[in-house]
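What follows is each chain in one-letter form.
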Amino acid sequence: MLFRSSFFVAAGLFGVACVVTAVLYRNPPPAPRSPALATEAPGARPRTLRFWAPLLALFVANFIDGSFMSLLPVVIGPLGAPADSITLIAGAGVSGAGIAVVVAANAAARMHGKLNVFKVIAVALGLSAGLVLLLLLVSNWWQFIGVRAAIALLAGAVPTLAFGAVADQASSSSRATVVGMATSVGMLGWAASPYVSGLMVGLGLHYLYIGAGCVMLVVAALAWSCARHAPRPLYA
């Protein structure tokens, strides 16, 4: 009965969100269209690593976050979580990680324009990779949830930073297209994570931790490389 009630609660929350959005949201006035610069070729496509590295970071960050969200109920049981409280513990873990992501995203938004976005992405992914590899040594469910929350607090800043990095490189005429591309890449990361992580459960979670950690380190190195080189024209 409680399981069915959760659907009514979720439906009610969606209804409240719909009403609040309809009542409070107002579309901003359309901005005057600025003439395209000579260097902004219509229909030009990005061709530099400084564009693709943030998109790759966005995909990896969303993939990692989605993987842990789907695996949490599966992992904490063998790590000693009480059988009659697994759903409650998993829900609390997911909520705590979600709060950590919100905090990280807000912090990342405040960093925009103040710090080198590529360096911040590299540091966040590098530290997150270390924490993912640390999961190989976890022996209790509460340790797993704690490390998971720390990963969310670091990697949760990456999507916001990545969106800002690609949007800053887009011309005024192509910014909507670029942001839409980034959104699609992020959603692909979310969509791929449950399937791949589910496969890894059968093979062994240590493969997922090692693989994810190594991929995050590679992407962090790419982002750091972008930070070390001066920007080059995005459009040719």
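Participant: Just give me the short version of the nonpolar core, but keep the residues and values in it.
Facilitator: Phe 144 and Ile 151 are the most contacted members of the largest nonpolar core, which has 47 residues in total. The element that contributes the greatest number of residues to this core is helix α2 (residues 49-76), accounting for 11 residues. When near neighbours in sequence (up to four residues on either side) are disregarded, Phe 144 contacts Phe 68, Leu 72, Val 75, Ile 76, Leu 79, Leu 135, Val 138 and Tyr 209. Formed by nine residues, the second largest nonpolar core is a distinct cluster that contains Phe 51, Val 166, Val 178 and Ala 182.

Participant: How would you summarise the pattern of salt bridges if you had to cite specific residues and measurements?
Facilitator: Applying the stated rule across the entire model yields one salt bridge. Taking the shortest distance from any N to any O, the salt bridge between Asp 65 and Arg 148 comes out at 2.6 Å. You can see Asp 65 sitting in helix α2 and its partner Arg 148 sitting in helix α5 (residues 141-155), a full 83 residues away along the chain.

Participant: Give me the lowdown on helix α6 (residues 158-169), citing residues and values where you can.
Facilitator: Taking 1.5 Å as the rise per residue, α6 with 12 residues should run 16 Å; its terminal C-alpha atoms sit 17 Å apart, in good agreement. Of all 12 residues in α6, nine are buried; the element is thus mostly enclosed. Among the residues of α6, Val 158, Pro 159, Leu 161, Ala 162, Gly 164, Ala 165, Val 166, Ala 167 and Gln 169 are the ones counted as buried. Packing partners of the buried residues in α6 comprise α2, α3 (86-111), α4 (117-134), α5 and α7 (175-203).

Participant: Account for the confidence of the model for the chain, with residues named and values stated.
Facilitator: Per-residue confidence for the chain averages 82 on the pLDDT scale, and 86% of its residues sit at or above 70. Confidence, read as mean pLDDT per element, is least for helix α1 (residues 2-24) in the chain (79) and greatest for α4 (94). Per-residue pLDDT stays below 50 along residues 36-45; that stretch engages in nine contacts with residues further than four places along the chain or on separate chains. A low-confidence stretch, residues 231-236 (pLDDT under 50), is modelled with 21 contacts involving residues beyond four sequence positions or located in other chains.

Conventions used here
- Residues numbered from 1 in each chain as written.
- Predicted model: local features only at pLDDT ≥ 70, side-chain atom pairs only at ≥ 80, totals over all residues.
- Heavy atoms only, no water.
- Core = buried A, V, L, I, M, F, W, Y, C linked by side-chain atoms within 4.5 Å.
- Buried < 20%, exposed > 50% of the residue type's maximum accessible area, 1.4 Å probe, protein only.
- Helix = DSSP H or I, 4+ residues; strand = E, 2+ residues; numbered from the N terminus.
- Contact = heavy atoms within 4.5 Å.
- Salt bridge = Lys/Arg side-chain N within 4 Å of Asp/Glu carboxyl O.
- Expected span 1.5 Å × (residues − 1).
- pLDDT = per-residue confidence, 0-100.

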